[in-house]
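# Fold and contact review
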Amino acid sequence: MRYCRIQTNFGPKFARVENRNGEDWVADMLRDDDFPETKTLGDRDNLFFEPFPYAGARLACPVVPSKIVCVGRNYREHAAELGNDVPKEPLLFLKPPSSLLEPGGIIRYPSLSSRVDFEGELGIVIGRRARNIGPGEDVRPYIRGYTIVNDVTARDLQKSDGQWTRGKGFDTFCPVGPVVTDEIDPISNGVDLQTHLNGMQKQAGNTRDFIFDIPGLLQYITAFLTLEPGDLILTGTPAGVAAMQPGDNVTVSVTGIGSLSNTVAREID
């Protein structure tokens, strides 16, 4: 299933996306009960709905995570381009949920930074509670689907701070979407990822090049951290990260999912 999250007069709502005669449509609303992470948002299951073309949807961020767990330096060439060693075990950090941004939203260039980079990534959306996943255990039952993420980074602050919370955590620094899908299987088959800045390709990679694969990542993470439904895992970015400027457009594409596009603008006080 592919689903998005759309803006309605009653607030954001999950909706199923299907292809009809070569065109994507928002086919029907999904029950809030299917998304435990939204249980505190109230019951909106009785919303009147008629299908409409997906191109006309007002999109919201398709995830409502309690936490965003990120993997650093999971491609050898990306580690090398920043002058870093390849990690011996997964290098993890967190982004706050307040950094989430919807597809088409504006990435705000903070006044505190003079170097803001894009980092296109495959995102994993957790579907059920996971703790202590064992070696060799099939991780697919814990995965609701996959999405596209831009791990926006204030590179100068990341380097000066030594730890990454501030450089990775600004509001709007985690664009996600536009859909979540279980129709791809990057565990068995690698998927291609590209990032374009103002139409020019900057990144090109494939998840087959992960240093730490998806089962290994989920086993490592759940050894110390309980993952809840809706949680988002960023799997790392390939080589080619570069700076963005106000006025730029950045588009991250993943085979089988689609494209996530956002513009950049100067922060407004």
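Counting of residues starts from 1 at the beginning of each chain's written sequence and follows it residue by residue. Residue-level local features of this predicted model are given only where pLDDT is at least 70; pairs of side-chain atoms are given and counted only at 80 or more, and the full residue set underlies all totals for whole chains, interfaces and linings. For the side-chain quantities, the full set of heavy atoms in the structure was used; hydrogens and water were omitted.

## A look at the overall build of the chain
Comment: elements are numbered from the N terminus, with helices defined as DSSP H or I runs of at least four residues and strands as E runs of at least two. Broken down by element type, the chain carries 4 helices and 20 strands. The globule rule is 2.2 Å times the number of residues to the power 0.38, and the radius of gyration it is compared with is taken over C-alpha atoms. Against the globule reference of 18 Å for 269 residues, the chain gives a C-alpha radius of gyration of 18 Å, in line with a compact fold. Taken along its principal axes, the extent of the C-alpha atoms in the chain is 55 × 45 × 35 Å. Remark: exposure states derive from per-residue accessible area (1.4 Å probe, protein chains only) relative to the maximum for the residue type, with buried under 20%, exposed over 50%, and partly exposed in between. Relative to its full complement of 269 residues, the chain shows a buried share of 52%. Throughout, a contact is declared for two residues whenever any of their heavy atoms are within 4.5 Å. In the chain, once contacts between residues fewer than 6 apart in sequence are set aside, the share between residues at least 24 apart is 74%. Here the chain contributes 28 positive and 36 negative side-chain charges, whose respective centroids are spaced 3 Å apart. Residues scored as charged are limited to Lys and Arg (positive) and Asp and Glu (negative), so that His and the chain ends carry no count. Every charge is mapped to an atom, namely NZ of Lys, CZ of Arg, CG of Asp or CD of Glu.

## Considerations on the pattern of salt bridges
Throughout this description, the term salt bridge denotes a Lys or Arg side-chain nitrogen within 4 Å of a carboxyl oxygen of Asp or Glu. Applying the stated criterion across every chain yields a total of 18 salt bridges. One salt bridge connects Arg 16 with Glu 18, and the closest N-O pair in it is separated by 2.8 Å. Relative accessible area serves as the criterion here: at 24%, Arg 16 is assigned to the partly exposed category. Taking the shortest distance from any N to any O, the salt bridge between Lys 168 and Glu 119 comes out at 3.4 Å. With Lys 168 in helix α3 (residues 165-169) and Glu 119 in the loop between β9 (116-117) and β10 (120-126), this pair connects stretches of sequence that are 49 residues apart. Residues Lys 168 and Glu 119 agree in their burial class; the two are buried. Connected through shared salt-bridge partners, Lys 95, Arg 115, Asp 117, Glu 119, Asp 151, Arg 155 and Lys 168 make up one network.

## Things to note about helix α4 (residues 214-222)
What α4 keeps buried is the set Ile 214, Pro 215, Leu 217, Leu 218, Ile 221 and Thr 222. Along α4, the residues classed as buried sweep out an arc of 160° about the axis, all on the same side. Next to the buried residues of α4 lie β5 (68-72), β6 (91-95), β10, β11 (143-150) and β17 (232-234). For α4, the capping residue at the N-terminal end is Asp 213, with a side-chain oxygen 2.8 Å from the backbone nitrogen of Gly 216. Throughout, the arc means that of the directions going from the helix axis to the C-beta atoms. Whenever a nitrogen or oxygen atom comes within 3.5 Å of another N or O atom, the pair is scored as a polar contact, on the condition that within protein one atom can donate a hydrogen and the other can accept it, and that pairs from neighbouring residues in sequence are kept only if both atoms are in side chains.

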